[in-house]
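Structural description and commentary
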Amino acid sequence: MPLTQTSVSLTDAMNARIELSEARVIKAIFPSITNHHNTLFGGEALAWMDETAFIAATRFCRKPLVTVSSDRIDFKKSIPAGSLAEIIAKVIHVGNTSLKVEVNIFVEDMYKDHREHAIRGVFTFVAVDEARQPTKVWTESPS
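Keep in mind that what you see is a predicted model, and the values were worked out from it rather than measured. Counting restarts for each chain, with residues numbered from 1 along the sequence as it is written. Only residues with pLDDT of 70 or above have their local features reported here, since the model is predicted, and side-chain atom pairs are shown and tallied only from 80 upward, although totals for entire chains, interfaces and linings are computed over all residues. The basis for every side-chain value is the complete set of non-hydrogen atoms in the structure, without hydrogens or water.

**Quick look at the nonpolar core**
Here is a general trend for soluble globular proteins: nonpolar side chains tend to be buried in one another's company. Phe 60 and Val 101 are the most contacted members of the largest nonpolar core, which has 34 residues in total. Helix numbers and strand numbers start at the N terminus; a helix is a DSSP run of H or I with at least 4 residues, a strand a run of E with at least 2. At the level of elements, helix 1 (3-21), helix 2 (42-61), strand 4 (83-94), strand 5 (98-109) and strand 6 (115-127) are the ones that each hand at least two residues to this core. The greatest single-element share of this core, amounting to 8 residues, is contributed by helix 2. In this description, contact between two residues means that some pair of their heavy atoms is separated by no more than 4.5 Å. Excluding anything up to four places from it in sequence, Val 101 contacts Ala 53, Ala 56, Ala 57, Ala 89, Lys 90, Val 91, Ile 92, Gly 121, Val 122, Phe 123 and Phe 125. Each nonpolar core is a collection of buried residues, namely Ala, Val, Leu, Ile, Met, Phe, Trp, Tyr and Cys, held together in the definition by side-chain atoms within 4.5 Å. Exposure is judged per residue with a 1.4 Å probe applied to protein chains only, and the accessible area is read against the type maximum: over 50% gives exposed, under 20% gives buried, and values in between give partly exposed.

So this is what it looks like as structure tokens:
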């Protein structure tokens, strides 16, 4: 089989895996997790983003992972108490031992049909083996 056909097949398989690994979590914003402005604590949002990114990354490769970095996190809109937050994580880059996951949080009014993009960030994970050493993050059929 020519190399280009193999590359296309691998890309198709990887893209299919990426689509299947998307993670979505919805949280209700209660006063116990808000700050003195009655909006979601930024640290709480970051924890949710890291966790949801981890879920997407794990679903993609089915290997032990560690978070190694988070890129710029943009807080575009505050998330008030009494609203819903939908966290959506999707793999956007696959390297040799690492992968990047983009995470977006949307704020939704509980009692109106209104939804807005609130927060965006990118998290990088490295796959590790039993000795906690980096290992390949993608094989054609992850084990």
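**Re the pairing of strand 6**
When strand 2 (residues 65-70) meets strand 6, the two strands line up antiparallel, connected through 5 bridges. The residue bridging Ser 70 from the neighbouring strand is Phe 123, located in strand 6. Judged from the 2 bridges that link them, strand 3 (residues 74-75) and strand 6 form a sheet pairing that is antiparallel. By the bridge assignment, Phe 75 is partnered in strand 6 with Ile 119. Note: strand 5 against strand 6, 11 bridges, orientation antiparallel. Pairing of Leu 99 across the sheet is with Phe 125, part of strand 6. One bridge is not enough; two strands pair if DSSP finds at least two bridges between them. Between the antiparallel neighbours strand 5 and strand 6 lie 5 residues.

**A closer look at the confidence of the model for the protein chain**
Averaged over every residue, the pLDDT of the protein chain is 92; residues scoring 70 or more account for 90%. A low-confidence stretch, residues 1-7 (pLDDT under 50), is modelled with 1 contact involving residues beyond four sequence positions or located in other chains. Each residue carries a pLDDT score, the predictor's own confidence in it, on a scale running from 0 to 100.

**Here's the deal with the pattern of salt bridges**
Side chains that differ in charge, positive against negative, can pair when their charged atoms come close. When a carboxyl oxygen of Asp or Glu lies within 4 Å of a side-chain nitrogen of Lys or Arg, that pair is called a salt bridge. A complete count under the given rule lists 8 salt bridges for this structure. For Arg 24, the salt bridge identified is with Glu 22, shortest N-O distance 2.9 Å. Classification of Arg 24 as partly exposed rests on a relative accessible area of 49%. A relative accessible area of 25% places Glu 22 in the partly exposed class. Where Lys 77 meets Glu 116, a salt bridge forms, and the shortest distance between an N and an O atom there is 3.7 Å. Here the residue Lys 77 occupies a position in the loop between strand 3 and strand 4, and Glu 116 occupies one in strand 6, the gap between them amounting to 39 residues.

**Brief notes about the packing of aromatic side chains**
The pairing test for Phe, Tyr and Trp rings, Trp by its six-membered ring, is centres within 6.5 Å, and the orientation test on the planes gives stacked under 30 degrees, edge-to-face over 60, and tilted for anything in between. Tallied over the full model, the rule gives 2 aromatic pairs. Taking 6.4 Å as the distance between ring centres and 55 degrees as the angle between the ring planes, the aromatic pair formed by Phe 54 and Phe 125 counts as tilted. Taken together, the residues Phe 54 in helix 2 and Phe 125 in strand 6 connect sequence positions 71 residues apart. With a centroid separation of 5.2 Å and an interplanar angle of 25 degrees, the aromatic rings of Phe 60 and Trp 138 are classed as stacked. Taken together, the residues span a long stretch of sequence, with Phe 60 in helix 2 and Trp 138 in the segment after strand 6 at a distance of 78 residues. For the pair Phe 60 and Trp 138, a shared accessibility class is recorded, and that class is buried. In this scheme, Lys NZ or Arg CZ marks a charge over a ring once it lies within 6 Å of the ring centre and within 35 degrees of the ring normal. Looking at Arg 115, its charged tip hangs above the ring of Phe 106, at a distance of 4.1 Å from the centre.

**Some thoughts on the environment of Asp 71**
By the element assignment, Asp 71 lies in the loop between strand 2 and strand 3. Linking Asp 71 and Gly 43, residues 28 residues apart in sequence, is a C-alpha distance of 15 Å. In this view, Asp 71 contacts Lys 100 and Val 122; residues no more than four positions away in its chain are not counted.

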